[in-house]
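# What the coordinates show
Residue strings, one per chain:
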Amino acid sequence: MAKTKTKKETPMMKQFNAIKAKHPTAMLLFRVGDFYETFGDDAITASKILDIVLTKRSNGSASETALAGFPHHSLDTYLPKLVKAGQRVAIVDQLEDPKTAKGVVKRGITELVTPGVSMNDNVLSVKQNNYLAAIHLHKKEMGISFLDISTGEFFVAQGDQNYIDKLLQGFSPSEVLYCRTEQEQYNEIFGDTYPTFRQDDWVYTSEYGYDKLTSHFGTKNLKGFGIENLPLAIIAAGAILNYLELTEHHHIDHIHQISRIQEDKYVWLDKFTARSLELIFPQNEGGVPLIDIMDKCVTPMGARLLKKWTVLPLKDQKSIDARLNVVHHFTEEEDTADEILSHLRQITDIERLISKVAVGRVNPREIVFIKKALQHAAPIKDVLSKVDHQEIKSIADRINTCKVLVDRIEKEMQDNPPLNPAQGNIIRTGVNAELDELRTISHSGKDFLQKIQERESERTGIPSLKIGYNKVFGYYLEVRNTHKDKVPAEWIRKSTLVNAERYITEELKQYEEKILNAEGQISVIENKLFMDLVHAATEYISPIQQTAATLAKLDCLLSFATNAIEYDYVKPEITAEKALSIKQGRHPVIERQLSVDDPYVPNDVYLDTEEQQIMVITGPNMSGKSALLRQTALIVLMAQMGSFVPAQSATIGIVDKVFTRVGASDNLSKGESTFMVEMTETASILNNISDRSLILMDEIGRGTSTYDGVSIAWAIVEYLHNHKKARAKTLFATHYHELNELAEDFPRIKNFNVSVKEHQKKIIFLRKLKEGGSEHSFGIHVAQLAGMPQKVVRRSEEILEHLEQDKRKEKNTERIKEVPKDNYQLSIFDSVDPVAKKLKEEFEKVDVNTMTPIEAMLKLNELKKLLS
Ligand SMILES: Nc1ncnc2c1ncn2[C@@H]1O[C@H](COP(=O)(O)OP(=O)(O)OP(=O)(O)O)[C@@H](O)[C@H]1O
């Protein structure tokens, strides 16, 4: 906090400083009267973020402090801005009525809002979960936990750095917690990607985590959640619960389960793959990710679930088929789908609303939304339960319409209550006799005032007599100056305005008291009835959460069906075989961007482990190689999510891992060159493949010299083909047509090219995949297309001609083929050379998976020194 010129602290500043000392990293929004004030450094930051005036306040004889504030009713506008700017904000409220307080008003933190822990609609994004993550770093294994307090979802996982990194990318948390003593390690691995908060090390112990979890869930152990044997994950989850306490989130009954993210249940997508396939986020500004095409969900919880399905496609054939069969049913029964959708569209975010009930932050209008949502869930359940389809029936069974609660809300709550319970008129007439009676008094009182006004106006002959009300002296009669002389003597003058005067009378005072009393009591009773209702709703947290989850799933499946119909997708056949056959496949995103007159050109792709394991695809720039690679992976992933796919037909032998090395993802800001990134990613692929993996490699080696590039690309293809245990299906797009010669020696490597036609020195992209290799790369044609000056184009043609002649003389590929085949890696180490032996020992110690690129470079340097 900015140093203040402290002479003597006022009691209020003393109170402020005491709270600030407990939460030094949080910005305090300090309630003073009708304002939230910030002081010192907080004020400087707040004024910048919120664009509000920064002043200096001299507190009488006390210190001079920087000050910035805003009216309390603007909290909902300003708070999200602060949180989105990465601030942790502590709301310090007045805990007693200032009128009755003795001395300084008691104040305390009522909520600490941080990027990862927020219930505020303006902070949250409707279609996105807002996860808080906690990581426990522990040598090679790590524990991780994710919580979305706005929905109650709580997950844990445990695994190596790769896995944790991948989960972080998939969940993209708004805030990450870790242990204070692990700061260096954390920074080294994860850098500054996420806003973070460090907690004390005593939080990060298994005993603490275990106790925290068992006491929160009220269970003896954690076996029921299937996480008993995940000590690191338990520590991470305990750290999350600790943080909730720290941020004053004590009502968290909606978090009633925790589940393990089962790594083996989902397709493994390394973090490069999720990124380069643009599943959720585009790689470049203006790009369109897959989710934007797939998401036709009509509810917020559906949209959120679809994101999870997209990053976690399934591996289990039965589960995938279950989803596909429901989608199939809805594509056949469009009327049923439409009827369900018409109700689903009316259903608001009950997943988040019921969480608000749990934390005691639900408003009257939101309670009515819950009712309306459940009322629309009822006909959905009816329609679904009549369908003769096992999976659909079971969806119906899981929808709980919570009729008793719905009836009670319907009976007690007004249809359109205000957001703020203090505004009144939330409870219907007929619910509470006392309330009804008080309302009659209040209303008749108002009628009575009206009558007084009419009567007095007639009696005094003041035509413009008005009855008004203000807080200072209550009800009054207002007389314009022109009629001042007609005012009766018994009226008591209270104030004088420019054009009028205000009076009170004995009679007015009496009625005022009666009305105000009644209104005060009405408010108390309405509030109590509303709180009773909220309390009753807390009994329904679990069934409503289940209903929300089921409706979310239904929404996703309907979204798949809508796309299937609208975009002409087909049902893929999922098999236990290892072959992948896509007939006339299309790229789901690119095809949406093309016009009907110039549609996407579909292509066939076939891969298996026996005949055609590796397709080497050559073709000029811009011909569509990358698109073909990506569409193949996207079709596989969409199928395993349970969606229909853009193809004429698709038979998909379950894929367990998808690896991609597509396009250059420069990471120069982190000091990694394109080539280094490329090699790190490729190394991770080569070390993790299995028989069911799908690998996409696009122009591996282009980041280095041609010789290096061709050699590395060649070696990688050989390696993939000759791998003893895993014949991973591979699409290998390359500019190096030298690689076409691999097919001659390796039986499962086949050459393809994306065809183009040359016409009057220009190329026409046909985008058709054909068997066989290609001769040219047409790079110069593309340069010409891009508007390169003619001089440059002609000169490059000349140089090319020259080089090609040289190349024919040298025949590089002949030379590569002279290198002994197979086990080329071992051949270095098989030598008896002592340096090679030492190198071998060193290499065996290296675990490429856990190395950062920088570490890899340092290691390389070390090894290089060894050689010299
Ligand atoms: N099958 C297709 N039908 C229609 N348009 C396509 C098709 N495939 C690709 N395209 C279009 O061509 C553009 C270039 O495709 P892509 O990036 O796949 O080419 P490439 O061969 O990988 O090029 P480079 O080698 O320069 O990376 C795409 O952005 C897309 O708009």
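Nothing here was measured: the structure is a model prediction, and the numbers come from that model.

Conventions and cut-offs
- Residues numbered from 1 in each chain as written.
- Predicted model: local features only at pLDDT ≥ 70, side-chain atom pairs only at ≥ 80, totals over all residues.
- Helix = DSSP H or I, 4+ residues; strand = E, 2+ residues; numbered from the N terminus.
- Buried ≥ 20, exposed ≤ 12 C-beta atoms within 10 Å, placed from the backbone.
- Contact = placed C-beta atoms within 7 Å.
- UniProt positions renumbered as here; feature names shortened; annotations may be inferred.
- Near = placed C-beta within 6 Å.
- Nonpolar A, V, L, I, M, F, W, Y, C, P; charged D, E, K, R; others polar.
- Axes fitted to C-alpha atoms, helices over the stretch in contact; angles between N-to-C directions.
- Left-handed = near helix turned anticlockwise from the far one by under 90°.
- Domains from an automatic or database assignment.
- Pairing = 2+ DSSP bridges.
- Core = buried A, V, L, I, M, F, W, Y, C linked by C-beta atoms within 7 Å.
- Parallel < 35°, antiparallel > 145°, perpendicular 65-115°, else oblique.
- Arc of directions from axis to C-beta.
- pLDDT = per-residue confidence, 0-100.
- Right-handed = clockwise from strand over helix to strand, strands pointing away.

Below, the discussion takes up the environment of Q283. Residue placement: Q283 occurs in the loop between α8 (271–276) and α9 (290–294). Assessed through the 13 C-beta atoms surrounding it within 10 Å, Q283 is described here as partly exposed. Sequence separation between Q283 and A236 is 47 residues, and the spatial gap between their C-alpha atoms is 31 Å. Ignoring anything within four residues of it in the chain, the contact list for Q283 reads R275, S276 and E278.

Now for the UniProt feature "binding site: ATP" (unreviewed entry) in the chain. As recorded in UniProt, the sites labelled "binding site: ATP" (unreviewed entry) are G619, P620, N621, M622, S623, G624, K625 and S626. Mapped onto the elements, N621 comes out in the loop between β21 (614–618) and α21 (625–641). When near neighbours in sequence (up to four residues on either side) are disregarded, G624 contacts V754, F765 and R767.

Further remarks concern the site of the ligand. Around the ligand, the surrounding shell consists of I590, Y600, V601, G619, N621, M622, S623, G624, K625, S626, A627 and R767. In terms of residue count, α21 provides more of the shell around the ligand than any other element does, three residues in total. For the shell around the ligand, the class distribution of residues is five nonpolar, five polar and two charged.

In this model, D51 sits at a positive phi of 55°, which is unusual for a non-glycine residue. Counting through the fold element by element, D51 comes out in the loop between α2 (40–50) and β3 (55–58). With 8 C-beta atoms counted inside 10 Å, the residue D51 sits in the exposed group. For E278, which is not glycine, the phi torsion reads 50° and is therefore positive. Of the residues examined, E278 has 20 C-beta atoms within 10 Å and is grouped as buried.

On to the packing of helix α6 (residues 206–217) against helix α7 (residues 231–246). Two packed helices can be described by the angle between their axes and the distance between those axes. One way to put it is that α6 packs onto α7 with a least axis distance of 7 Å and a crossing angle of 65°. For the pair α6 and α7, the sense of crossing is left-handed. Between α6 and α7, the contacting residues are S206, Y208, G209, Y210, K212, L213 and H216 on the first element and P231, I234, I235, A237, G238, L241 and N242 on the second. Residue classes in the contact of α6 with α7 are distributed as eight nonpolar, five polar and one charged.

Parsing the chain into structural domains produces domain 1 (11–113), domain 2 (132–261), domain 3 (295–402 + 540–567), domain 4 (433–526), domain 5 (573–778) and domain 6 (823–868). Each of domain 2 and domain 4 has a C-alpha centre, and the two are 61 Å apart.

Here we take up the sheet that holds β21. Pairing is mixed in the open sheet, where seven strands are placed in the order β13-β23-β24-β25-β21-β26-β27. Across the chains shown, the open sheet's two edge strands, defined by having one partner strand only, are β13 (268–269) and β27 (762–771). As judged from the seven bridges shared by strand β26 (residues 749–759) and β27, these two strands associate in the antiparallel manner. Residue pairing across strands places F752 opposite E771, the latter belonging to β27. Helix-sheet contacts for α21 involve β21, β23 (657–661), β24 (694–698), β25 (729–734), β26 and β27, and the interaxial angle to β24 is about 160°.

Attention now goes to the nonpolar core. In this structure, V636 and V717 are the most contacted members of the largest nonpolar core, which totals 121 residues. Setting aside its immediate chain neighbours within four residues, V636 contacts L580, I652, V655, V658 and L694. Ranked by size, the runner-up nonpolar core spans 72 residues in total, among them L137, C179, I235 and A237.

One can describe the packing of helix α10 (residues 300–311) onto helix α19 (residues 541–567) by two numbers: an axis separation of 8 Å at closest approach and a directional angle of 70°. What the angle tells us is that α10 and α19 run roughly perpendicular. Between α10 and α19, the contacting residues are M301, G302, L305, L306 and W309 on the first element and A548, L551, A552, K553, D555, C556 and S559 on the second. Its residues assigned to classes, the contact of α10 with α19 comprises eight nonpolar, two polar and two charged.

This brings us to helix α3 (residues 75–84). The set of residues buried in α3 consists of Y78, L79, L82 and V83. End-on, the buried residues of α3 take up no more than an arc of 130°, which puts them together on one face. Away from its buried face by more than 90 degrees, α3 exposes D76 and T77. In this fold, the buried residues of α3 make contact with β1 (27–32), α2, β4 (64–71), β5 (89–94) and β6 (107–113). Residue G86 follows α3 closely and has a positive phi angle near 90°.

A few words now on the confidence of the model for the chain. Put simply, the chain has an average pLDDT of 86, and 89% of its residues get 70 or more. Residue range residues 1–6 is modelled with pLDDT below 50. Its contacts to residues more than four positions away, or to other chains, number 14 contacts. Below pLDDT 50 for its whole length, residues 665–672 participates in eight contacts with residues either more than four positions away or in separate chains. The complex model carries a pTM of 0.79, and its ipTM stands at 0.96.

This part takes up the sheet that holds strand β15 (residues 474–480). Read across the open sheet, the four strands follow the order β14-β15-β17-β16; overall the sheet is antiparallel. For this open sheet the edge positions go to β14 (466–470) and β16 (492–496), each flanked by a neighbour on one side alone. For this sheet, the mean inter-axis angle between neighbouring strands, taken without regard to orientation, is 40°. Summarising the sheet, β14 and β15 pair through five bridges and their orientation is antiparallel. Within the sheet, the bridge partner assigned to G468 lies in β15 and is Y476.

We now examine the environment of N229. Its place among the elements puts N229 in the loop between α6 and α7. Measuring from C-alpha to C-alpha, the distance between N229 and E611 comes to 43 Å, with 382 residues separating the pair along the chain.

What follows is about the environment of D148. Following the sequence through the fold, D148 ends up in strand β8 (residues 141–148). The sequence separation of D148 and Y131 amounts to 17 residues, and the corresponding C-alpha distance is 4.6 Å. Dropping the residues within four chain positions of it, D148 is found in contact with N129, N130, Y131 and E153.

Turning our attention to the pairing of β24. Burial within β24 is extensive, with five of its five residues counted as buried. Neither face of β24 is open: one carries L694, L696 and D698, the other I695 and M697, and all of them are buried. The sheet contact formed by β23 and β24 spans four bridges and is parallel. When the bridges of β24 are listed, F659 appears paired with I695. As paired strands, β24 and β25 are joined by five bridges and run parallel to one another. Pairing of L694 across the sheet is with K729, part of β25.

Judged by how many residues are buried, strand β10 (residues 175–179) sits mostly within the fold: five of five residues are covered. Burial of the side chains of β10 extends over both faces: E175, L177 and C179 are buried on one face and V176 and Y178 on the other. Taken together, the three bridges between strand β7 (residues 132–138) and β10 define a ladder with parallel strand orientation. Of the residues in β10, the one forming a bridge with A133 is V176. Remark: the β10/helix α5 (residues 183–190)/strand β11 (residues 196–199) crossover connection has right-handed handedness.

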